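So you can see what is in the structure, the chains are spelled out below.
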Amino acid sequence: MAERERGHVRVAVIGSGFGGLGAAVRLRRQGITDFVVLERADAVGGTWRDNSYPGCACDVPSHLYSFSFAPNPEWPRNFSGQPHIRAYLERVTDTFGLRPHLRFNSEVRALRWNGDALHWEVETASGPLTADVVVSATGPLSDPKVPDIPGLDTFPGKVSHSARWDHDYDLRGKRVAMIGTGASAIQIVPAIQPDVERLTLFQRTPPWVLPRADRRISAAEKWLHTKVPATRAARRGLLWGLREMQVSAFTKRPDELGLIEFLARKHMKKAVKDPALRAALTPDYRIGCKRILLSNTYYPALAQPNVDLVASGLKEVRGSTLVGADGSEAEVDAIVFGTGFHVTDLPIAQRVTGARGTTLAEEWKDGMEALRGASAAGFPNFLTIIGPNTGLGNSSMILMIEAQLNYLADYLRQLDVLGGKIALDARPSAVQDWNRKVQQRMTRTVWNTGGCDSWYLDANGRNTTVWPGTTGEFKKVTRQVDLAEYEVLRPPKPAGRSTGERAEVAA
């Protein structure tokens with residue numbers, strides 16, 4: 001189908017969360033207006049639109065969890081809640097004039113690389129289009145993961161996931177089972193505990209929990225941050241610097257985290273007086289191996305008389321009876337899964353077919369890997385925001401997103417400099433070299449040596465999720481595109497190959 005028949009854009013962005021909106025802003029600031037943002041839902045916000053469960057909030061301070069180019073002096077708390085973060089993203093959308101570029105209810109069903117035309121053919125729920133460049137900003141926390149529990153289909157009550165909360169279902173007076181003890185669960189438990197008749201928490205692995213230094217940001221602080229922007233920048237810089245100094249303990253010297261474990265134990269002991277309950281809630285792995293959680297209300301909620309802890313995890317469901325691996329049983333009216341997302345097996349990867357006729361999921365069957373977290377070999381002009389090994393264990397993902405936006409901007413500049421119909425395809429050797437160095441550094445980190453099984457690891461036990469360095473270092477290595485790491489594709493000659501002619505670029 002000809003480009004004019006399908007509708008053609010220079011750039012198609014998938015997703016309208018922080019990554020997608022950030023990409024859209026960067027495109028406009030670079031003078032590029034020929035782009036669309038494809039969103040499967042009917043509003044912007046990404047994970048902050050989808051996760052609206054009771055108590056939902058960010059565990060990164062708000063002044064650091066926001067774009068550097070769109071500061072918000074009006075954050076209400078140190079750790080603002082989901083409604084405020086979603087409202088912030090709506091304001092970003094309006095402030096930077098992104099509405100005309102948004103296509104809602106346009107879930108991407110398939111992406112296919114056309115090597116003759118050197119563009120992507122995009123099939124969406126609202127119709128087809130083609131694009132020179134595709135930016136995938138679907139994010140790793142977008143598709144809920146529900147474990148395959150025997151008998152779950154026999155449960156007669158309400159079943160939901162934390163990321164698909166049903167606000168029409170009233171939990172008050174109900175017997176509720178919470179499955180999982182991750183970041184969502186420790187916010188949901190204290191939020192619903194006072195209202196339910198009984199709450200049973202099925203815990204497979206206890207998390208390390210630290211105090212949450214949250215408070216209301218005063219009117220005077222907001223005024224000062226508005227009138228004197230330097231104070232706002234200084235606050236953000238301090239938050240960033242403190243977290244940068246912590247990185248070496250996670251990546252090089254995990255034994256230094258012992259003091260943090262002491263503080264976490266003290267935090268638990270203050271709220272949980274029952275020694276048996278404390279023992280069940282105490283992790284047996286190094287703090288930081290799994291995501292460190294922040295809460296002042298989780299442990300007090302677990303100590304309440306209407307809460308039961310099943311420390312062996314959920315084994316099966318028999319009608320309305322939930323059975324733990326230890327044989328304990330609980331009759332419940334509703335089940336809430338706080339079991340995370342498809343992080344290392346991104347669903348979008350199954351829908352992307354590259355230059356070799358294989359899907360990204362097939363290429364990643366042994367583990368995700370992408371050059372500088374952005375470019376996968378065999379997928380020309382396809383960039384991922386929050387790609388492999390770009391996650392963080394202790395700081396703001398917005399910093400990593402902005403670094404990848406710098407890379408995107410330079411990628412597009414390089415295409416302009418090369419001129420004409422052009423595409424860049426990451427060299428397999430460059431991707432392998434990058435990934436080898438990342439994995440070598442990963443061997444010393446707490447995520448690999450801490451003795452836990454976390455969602456950072458894929459099915460092969462490889463950490464394809466987290467960045468083993470500082471955000472400042474990542475910003476440096478993504479400042480510009482190194483053309484020596486790419487093959488340049490030009491349109492094939494009449495008798496050329498269907499995958500496009502490849503031109504060598506001098507190193």
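Higher on the page you've got the structure.
An account of the accompanying structure is given in this report.

Some details on the packing of helix α2 (residues 18-29) against helix α4 (residues 82-95)
Move 1: At their nearest, the axes of α2 and α4 sit 10 Å apart, and the two run at 20 degrees to each other. With respect to α4, the axis of α2 lies roughly parallel. Note on packing geometry: the crossing formed by α2 with α4 is left-handed. Facing Phe 18, Leu 21 and Val 25 of α2, the residues of α4 in contact are Ile 85, Tyr 88, Leu 89, Val 92 and Thr 93.

Re the side chain of Ser 162
Move 1: On the secondary structure map, Ser 162 appears in the loop between β7 (158-161) and β8 (175-179).
Move 2: Taking the relative accessible area as the measure of exposure, Ser 162 reaches 1% and is therefore buried.
Move 3: When sequence neighbours within four positions are dropped, the list of residues in contact with Ser 162 reads Asn 51, Tyr 53, Ser 184, Ile 188, Phe 337 and Gly 338.

Some points on a positive patch on the surface
Move 1: On the surface, a cluster of positive charge is contributed by Lys 266, Lys 269, Lys 270 and Lys 273.
Move 2: Looking at the element boundaries, Lys 270 is found in helix α8 (residues 258-271).
Move 3: Residue Lys 270 is classed as exposed on the basis of its relative accessible area of 68%.

Points about the state of the cysteines
Covalent bonding between the sulfur atoms of two cysteines defines a disulfide.
Move 1: Within the structure shown, the criterion is met by one disulfide.
Move 2: Two residues share a disulfide in this structure: Cys 289 and Cys 452, whose sulfurs sit 2.0 Å from each other. Between Cys 289 and Cys 452 the disulfide shows an S-S torsion of about -90 degrees. By sign, it is left-handed. Of this pair, Cys 289 sits in the loop between α9 (275-281) and β11 (293-294) while Cys 452 is found in the loop between α14 (446-449) and α15 (471-477), placing the two residues 163 residues apart along the sequence. For the pair shown, Cys 289 and Cys 452 are each scored as buried.
Move 3: Free cysteine: Cys 56, not disulfide-bonded; nearest cysteine sulfur from Cys 58 at 8.8 Å.
Move 4: Its relative accessible area of 8% is what places Cys 56 among the buried residues.
Move 5: For Cys 58, a relative accessible area of 4% translates into the label buried.

So, how was this worked out
Residues numbered from 1 in each chain as written. Predicted model: local features only at pLDDT ≥ 70, side-chain atom pairs only at ≥ 80, totals over all residues. Heavy atoms only, no water. Axes fitted to C-alpha atoms, helices over the stretch in contact; angles between N-to-C directions. Helix = DSSP H or I, 4+ residues; strand = E, 2+ residues; numbered from the N terminus. Parallel < 35°, antiparallel > 145°, perpendicular 65-115°, else oblique. Left-handed = near helix turned anticlockwise from the far one by under 90°. Contact = heavy atoms within 4.5 Å. Buried < 20%, exposed > 50% of the residue type's maximum accessible area, 1.4 Å probe, protein only. Patch = residues over 30% accessible without salt bridge, like charges linked within 9 Å, V, L, I, M, F, W, Y side chains within 5 Å. Areas by Shrake-Rupley, 256 points an atom, 1.4 Å probe, with all protein chains shown as cover. Salt bridge = Lys/Arg side-chain N within 4 Å of Asp/Glu carboxyl O. Lys, Arg positive; Asp, Glu negative; His and termini not counted. Charge placed at Lys NZ, Arg CZ, Asp CG, Glu CD. Disulfide = S-S within 2.5 Å.

Geometry only, nothing functional implied.
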